[in-house]
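For reference, the chains in residue letters:
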Amino acid sequence: MEALLDRVRASMRGLVPATEYDKVYNDECVLSFDSPFSPGGLYVSLRTYLGFGAQHVQAASMRSGETLYVHLQKRRTLRPKSDAPDAAPTKMALGVEGGFSVDGPQYDESTEAALVLMPSGERVPLPCQELPEFVSTCCQAIVTHVGAMQQRKESAVAWEAETLPSKYAEELVQLPPHKKISPDPAAWVCEESGMRENLWLNLSDGHIGSGRRQWDGSGGTNGALNHYEETKKHFPPHGFPLVVKLGTITPHGADVYSYADDENSEVTDPKLAEHLAHWGIDVMRMEKTAQSVTEMNIAANESLELDKITEAGKDLAPLTSRGYLGLNNLGNSCYVNSVLQLLFTLPEYQTLHPAAPAIFATAPSDPTGDLPSQLAKLGGALLGDRYNPGGDGAPPPPPVPEGGEEGPAPEAAVAPRMLISLVGKGHSEFSSSRQQDAAEYLAHLVEAIGRAERARGGRLGDGVAALGELSSFALEERVEAAGQVAYKRVPGSALSLQIPLELASNAAEVAAHEAKEDKRQKLDPAAAPPPDDPVVPLVSFEACLSRYLAVETLENFRGHAGAAKTTRFATFPRVLVVQLSRYYTDADWTAKKMAVAVPVPETLSLEAFRGGGLQPGESPLPDEPNEPAPAPAPAASPQPDEAIVAQLVSMGFSENGARRAALAVSNSSPEAATEWVFAHMEDADFNDPLPPPGSSGQAGGGGGGGGHGLRFDEYEKQQAPSQILAPPPAAAPTNGAPVAAPLGSGLNVSGVRSVWGAEGFKAAEPAAPPPPPQPGYGGGGYAYGGGGGGGGG
């Protein structure tokens, strides 16, 4: 024992106890999915805090030279089940009080720890009084630290639906009360369809309409939404957006929804009682008679009928053999799981399983940041049998307490948290806990794999490294006009196909079902029969592909009207990635998701869609000369936020100065405007009126012609976050003299990349080089450089 302790003391130099700010991988191996609950436990380095399963710890020690590890072995015992029923959820949330529970069966856990000296494997059970106190402190920090994977798990699954006050509630327009709304629910009826359930009252004009039609025909007839679209025509631009659900009104509130394009969600109305009283509704006398939106959402989630998309009514046994391992949903990762399961069905990816040892041998010191290692880790799990129930890495089933019930069957699944975190790192969406699009994630993952391979020299092997080429193809666009043709090759990696609903093979059955459902909804709810199973349109995959490759008529092509464009494949991919676009824009310009089934054939021949290039006898169409595009008209000047102006005036500043301050900070906040005032209140023109639009006053720092002339707030709305322009650091000149930029001045944009110098925002070069163009509101309006801000300096 003393000799062992001497070797421990010789190895303790440089050890530092882990703090709460360190990542300690004491809950999962960085090269496999072994955990402290696996039969071999988990070995955590006292120096790097990286965890390794029993099959990897020896090799890791040899590569790194680390000798001291804490071995963690945990066991679970199922707790006796409580007789008290589980609390029903009361709000749309995950992992928080009142929401849906994300915890599985409740277990009691026991932990055995030991200090292990590698490579000999000699052990010192913990705690040990004979160990140096500092070493014991380091070991205890490893044992008690919250694991890195547990931290990610808690951040991923905690979610709660947030309902914010509507921006239209404070100054809501209400027409004269031409009618009173009866407190009797029997008197409520949709003014368009005659429905008597799921009714919404428009708070501005008193119209009663039914709710949205859902994918299965239930819900309503879109009466309230259709009426809102009509009000936008007569009261532009926002119409009458706020509606309240009848039957949910109580003294404590009600369900309020905003149809406005910039909200389009459930909201709150701080003045709800006042707005309802306008229509004769006394909230103190109202009682709840209908399900709230939250209750309906909870009921839909509790009764989610997954058998509609699986083998309905069949008693299925889970498969647990090699190659049939599942991926746990981490609260928001179903789009990730579907992409990963898809990729590992490809032969090129299945080579990761035998290649894993070579990939791990060339991994950097921290494999958690190495994409090849994390892909090989997942490939070894999905394509092997180590983590199936009974496998060498699968936790054994917990013993059943005396008199207790047997717990659930062990799951055949792993949770790829390290890979998901690595791929999403630095991406604003894929690093969040929000749901995302699977096709976008696939493209992002393929790009990340390509970058990793270029940086690390083909460690994944030729097959996986060529994944970008596996799905790459080229389309041939042929345009015929005036007896001549033009050909163009367009590279692609996925086909996005629209679904032609008008070509549904069961259109008659769908129409009959919708007509029957409309009649049922008009009946008294107490006497109405239960709804039939939904009937969705069936559209063939071939119809979707034919629509994509059909002849398209172009309004104008190189000066020719009515040109015919056809699309064919110039090259075919090894793997064809297809995205079926179920989202579409309706006639009322609202985004909707179609309920449709598209059966995919087992085999598909694309030979009929092969392109051939310029054919004998075809005459090529001459290229059109490049002509400069006309410059767009400058945008109108913005107006200062009156609330900010009023707050500054109440502080004793002049109205003209307050207006200048509001514009200088883009109406961002009263605090930023106040800071601008303190920095500029000594300016000679601080109290001067703002110059009118089109004048060449002293207000701005625009200068420079050219450019789009967009106001920044307008440009921001049109661009993706990564394209938004960030202002350069210097402030606009005042009276011709450069000044330092005060805190809060300028455009006040946080978290965006600077793309200064992008097309359309580069000022025309004058005879003498001026300072970089700055935000200004003179001349053509408040713009960032370019023509929109010219004339102010």
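Residues numbered from 1 in each chain as written. Predicted model: local features only at pLDDT ≥ 70, side-chain atom pairs only at ≥ 80, totals over all residues. Heavy atoms only, no water.

**Structural notes on the pairing of strand β3 (residues 68-78)**
In terms of strand pairing, strand β1 (residues 42-45) meets β3 through four bridges, oriented antiparallel. Within β3, the position partnered with V44 by the bridge is V70. Across eleven bridges, the pairing between β3 and strand β5 (residues 107-117) is antiparallel. Residue pairing across strands places L68 opposite L117, the latter belonging to β5. (Pairing = 2+ DSSP bridges. Helix = DSSP H or I, 4+ residues; strand = E, 2+ residues; numbered from the N terminus.)

**Let's talk about the pattern of salt bridges**
Per the counting criterion, the structure on display carries 26 salt bridges. With a closest N to O distance of 3.6 Å, R574 and E348 form a salt bridge. With R574 in the loop between β20 (560-571) and β21 (578-581) and E348 in helix α9 (residues 347-350), this residue pair connects regions lying 226 residues apart in the sequence. Judged by relative accessible area, E348 falls into the buried class, the value being 14%. Salt-bridge contacts for E607 lead to R610; the nearest nitrogen and oxygen are separated by 2.9 Å. Here E607 falls in the partly exposed class, since its relative accessible area comes to 49%. Residue classification places R610 among the partly exposed positions, given a relative accessible area of 42%. Via salt bridges that share partners, E2, D6 and R9 belong to a single interconnected network. (Salt bridge = Lys/Arg side-chain N within 4 Å of Asp/Glu carboxyl O. Buried < 20%, exposed > 50% of the residue type's maximum accessible area, 1.4 Å probe, protein only.)

**Some details on the packing of aromatic side chains**
Taken as a whole, this structure holds twelve aromatic pairs when the rule is applied. Between R76 and the ring centre of F37, over which it is positioned, the NZ or CZ distance is 3.9 Å. Its guanidinium or amino end placed over the ring of F33, K377 lies 4.7 Å from that ring's centre, counting from NZ or CZ. (Phe/Tyr/Trp six-rings, centres within 6.5 Å; stacked < 30°, edge-to-face > 60°. Lys NZ or Arg CZ within 6 Å of the ring centre and 35° of its normal.)

**Quick look at the sheet that holds β1**
Two strands in a sheet stick together by hydrogen bonds in their backbones, pointing the same way (parallel) or opposite ways (antiparallel). Here we have five strands laid out as an open sheet, ordered β2-β1-β3-β5-β6, and antiparallel in their pairing. Edge positions in the open sheet fall to β2 (51-53) and β6 (122-125), since each of these has one partner strand only. Each adjacent strand pair in this sheet contributes to an overall mean axis angle of 35°, direction not counted. Strand contacts of helix α3 (residues 133-144): β1, β3 and β5, with the helix running at about 40° to β3, the strand carrying the most contacts. (Axes fitted to C-alpha atoms, helices over the stretch in contact; angles between N-to-C directions. Contact = heavy atoms within 4.5 Å.)

**Observations regarding the confidence of the model for the protein chain**
Across the protein chain, the average pLDDT comes to 77, with 73% of residues at 70 or higher. Note that residues 696-793 has pLDDT below 50 and, in this model, 187 contacts with residues that lie over four places away or in other chains. (pLDDT = per-residue confidence, 0-100.)

**Things to note about the environment of P367**
Within the element layout of this structure, P367 appears in the loop between α10 (352-361) and α11 (371-383). The exposure class of P367 is buried, given its relative accessible area of 2%. For the pair formed by P367 and L50, sequence separation is 317 residues and the distance between their alpha carbons is 9.0 Å.

**A word on the sheet that holds strand β19 (residues 552-557)**
Spatially, four strands are ordered β17-β16-β20-β19 in an open sheet, and the strand pairing comes out antiparallel. Pairing within the sheet leaves two strands with one partner each, and these edge strands are β17 (484-492) and β19. Strand-to-strand twist of the sheet, defined as the mean angle between neighbouring strand axes without regard to direction, takes the value 35°. In this sheet, β20 lies alongside strand β16 (residues 473-481) in antiparallel orientation, the contact comprising seven bridges. What sits directly across from R478, in β20, is T566.

**Considering the pairing of β16**
With eight of its nine residues buried, β16 lies for the most part within the structure. Judged from the nine bridges that link them, β16 and β17 form a sheet pairing that is antiparallel. Bridge pairing in β17 places V479 opposite A486. Between β16 and β17, which pair antiparallel and follow one another directly, the connecting turn spans two residues, one of which, A482, has a positive phi of 55°.

**So, the nonpolar core**
Ranked by internal contacts, the top residues of the largest apolar core, which has 81 residues, are L46, L115, L371 and L378. Dropping the residues within four chain positions of it, L378 is found in contact with F33, L327, L340, F344, V414, P416 and L419. Within the second largest apolar cluster, 22 residues are counted, among which are C190, I208, L242 and I249. (Core = buried A, V, L, I, M, F, W, Y, C linked by side-chain atoms within 4.5 Å.)

**Some details on unusual backbone geometry**
Between L126 and the following residue, P127, the backbone shows a cis peptide bond with an omega angle of -5°. Looking at the element boundaries, P127 is found in the loop between β6 and α3. Cis geometry is found at the peptide bond from P236 to P237, where omega equals 0°. Inspection of the secondary structure assignment puts P237 in the loop between α5 (223-234) and β11 (242-245). You will see that N264, though not glycine, has its phi angle at about 45°, which is positive. Note on placement: N264 falls in the loop between β12 (256-258) and β13 (265-268). N264 gets classed as partly exposed once you look at its relative accessible area, which sits at 40%. Although it is not a glycine, A482 sits at a positive phi angle of roughly 55°. You can see A482 is positioned in the loop between β16 and β17.

**Description of α11**
Spanning 13 residues, α11 covers 18 Å between terminal C-alpha atoms, matching the ideal 18 Å at 1.5 Å per step. Most of α11 is tucked away, with twelve of its 13 residues classed as buried. Residues L371, P372, S373, Q374, L375, A376, K377, L378, G379, A381, L382 and L383 constitute the buried set of α11. (Expected span 1.5 Å × (residues − 1).)

**Remarks on the side chain of T567**
Its place among the elements puts T567 in strand β20. What makes T567 buried here is its relative accessible area of 9%. Residues within four places of T567 in sequence aside, it is in contact with L475, E476, E477, Y548 and L549.

**Points about the side chain of T221**
Structurally, T221 can be placed in the loop between β10 (208-210) and α5. In this structure the side chain of T221 is engaged in a polar contact, spanning 2.6 Å, whose partner is the side chain of S210. Beyond its immediate chain neighbours, meaning those up to four positions away, T221 contacts C190, S193, M195, S210, G211, R213, N226, D518 and Q521. (Polar contact = N/O pair within 3.5 Å; in protein donor to acceptor, adjacent residues only side chain to side chain.)

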